[in-house]
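Each chain is listed here by its residues.
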Amino acid sequence: IAAGVAPRPSRPGRPVPFRPYSSRDAHVMLQLRRSREAIVVSEGSKGHILCDLFDGAIRAGRTIRSGTLPELRDMKKYGGREAPEEIGAFALRAATKEILDPAVEDIVVKYAACITEADGSIALGKKISEMRKRVTEEVESWTIKQFGEEQTETVRASVVRGTLRKELHAPTIEMRKGGSPDVDRIVQSVVKELNQKLCRPNVPN
């Protein structure tokens, strides 16, 4: 909904055009922010998982409309008009891979972290969340040391996100099956792949 690509109940069966720079479609962002405010007022701290959900949606919608993803920049010239099918489909695939899918995955991990086990021990979801957070922070720290703060505004940012998502999938499944993946090994694996993708010859020890 935040990205403007969800099916509309009032128009069943009709395709939804991807128009990230339509001012009319962007009105949903204000509605989402007001909905989040209402949750805070009515639920307080009890509504934190819903707030996380709305925060993720708002962040995804804002990122899609910010123009930071190179594949979406060609869509600006169409504004509120529907782009040619091929261009729109290409932009939507890129937005789904780089923005929407990671946003959904992040919310799922946060939700899992809120589920406590019956015996009162740390929930599996929280352990997974902590593992993913540690890997992400260490890799982002390495990336900034290599390329500087401005890397977050370039194509390198999407490369880092995509590599992290791919490399974190297997250890997440491993943890769900009761395993304990080596975080340092995961970081090394991500850094090695980033070195190859971003043309950096040296991998830190």
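A short tour of the structure in this document, coming up.

### Digging into the nonpolar core
Nonpolar side chains in soluble globular proteins tend to end up buried together. Grouped together as the largest cluster of nonpolar side chains are 17 residues, with contacts concentrated most on Met131, Val135, Val139, Leu164 and Leu194. Put simply, the parts of the chain that give this core at least two residues each are helix H4 (124–147), helix H5 (155–176) and helix H6 (183–197). Counting 15 residues, the second-largest nonpolar core is a separate cluster that includes Ile64, Met75, Ala83 and Ala91.

### Structural notes on the side chain of glutamate 167
Inspection of the secondary structure puts glutamate 167 in helix H5. The contact partners of glutamate 167, leaving out residues within four places of it in the chain, are Ile186, Ser189, Val190 and Glu193.

### Observations regarding the pattern of salt bridges
All chains considered together, the criterion is met by 5 salt bridges. A salt bridge links arginine 134 to glutamate 138; its shortest N-O distance comes to 3.0 Å. In this pair, arginine 134 and glutamate 138 both sit in helix H4, 4 residues apart, roughly one turn of the helix. Among the residues examined, arginine 134 registers a relative accessible area of 38% and is labelled partly exposed. In this structure, the salt-bridge partner of glutamate 193 is lysine 166, at a minimum N-O distance of 2.6 Å. With a gap of 27 residues between them, glutamate 193 in helix H6 and lysine 166 in helix H5 connect regions that are remote in the sequence. Under the relative-accessibility criterion, glutamate 193 is labelled buried at 12%. Here the residues in one salt-bridge network are Arg134, Glu138 and Asp184, joined through shared partners.

### Concerning helix H2 (residues 48–66)
An ideal rise of 1.5 Å per residue puts 27 Å on 19 residues; H2 measures up with 26 Å between its terminal C-alpha atoms. All of the buried residues in H2 are Cys51, Phe54, Gly56, Ile58, Ala60, Gly61, Ile64 and Arg65. Two residues or fewer after H2 comes glycine 67, characterised by a positive phi angle close to 85°.

### Concerning the environment of leucine 198
Take leucine 198: it is sitting in the segment after H6. For the pair leucine 198 and valine 160, spaced 38 residues apart in sequence, the C-alpha to C-alpha distance is 9.5 Å.

### Re the side chain of threonine 163
The topology assignment puts threonine 163 in helix H5. Excluding residues within four positions of it along the chain, threonine 163 makes contact with Val190, Glu193, Leu194 and Lys197.

### Concerning the packing of helix H1 (residues 27–43) against H2
Closest axis-to-axis distance for the H1/H2 pair is 10 Å, and the angle between their directions is 160°. What the angle tells us is that H1 and H2 run roughly antiparallel. Of the two elements, H1 crosses H2, and the hand of that crossing is left-handed. Residues Val28, Met29, Leu32, Arg33, Ser35, Arg36, Ile39 and Val40 of H1 form the contact with H2, whose participating residues are Leu50, Cys51, Phe54, Asp55, Ile58, Gly61, Arg62 and Arg65. The class makeup of the residues in the contact of H1 with H2 is 9 nonpolar, 2 polar and 5 charged.

### Quick notes on the environment of leucine 30
Considering the arrangement of structural elements, one finds leucine 30 in helix H1. The exposure class of leucine 30 is partly exposed, given its relative accessible area of 39%. Note: C-alpha distance between leucine 30 and isoleucine 58 (28 residues apart in sequence) is 9.1 Å.

### Concerning the packing of H4 against H6
It is the contact of H4 with H6, at a shortest axis distance of 10 Å, that shows an interaxial angle of 40°. It follows that H4 is oblique to H6 by the angle criterion. Our pair here, H4 against H6, has a crossing hand that is right-handed. Only Val183, Asp184, Ile186, Val187, Val190, Val191, Leu194 and Asn195 of H6 make contact with H4, whose side of the interface consists of Met131, Arg134, Val135, Glu138, Val139, Trp142 and Thr143.

Definitions and limits used
- Residues numbered from 1 in each chain as written.
- Predicted model: local features only at pLDDT ≥ 70, side-chain atom pairs only at ≥ 80, totals over all residues.
- Heavy atoms only, no water.
- Core = buried A, V, L, I, M, F, W, Y, C linked by side-chain atoms within 4.5 Å.
- Buried < 20%, exposed > 50% of the residue type's maximum accessible area, 1.4 Å probe, protein only.
- Helix = DSSP H or I, 4+ residues; strand = E, 2+ residues; numbered from the N terminus.
- Contact = heavy atoms within 4.5 Å.
- Salt bridge = Lys/Arg side-chain N within 4 Å of Asp/Glu carboxyl O.
- Expected span 1.5 Å × (residues − 1).
- Axes fitted to C-alpha atoms, helices over the stretch in contact; angles between N-to-C directions.
- Parallel < 35°, antiparallel > 145°, perpendicular 65-115°, else oblique.
- Left-handed = near helix turned anticlockwise from the far one by under 90°.
- Nonpolar A, V, L, I, M, F, W, Y, C, P; charged D, E, K, R; others polar.

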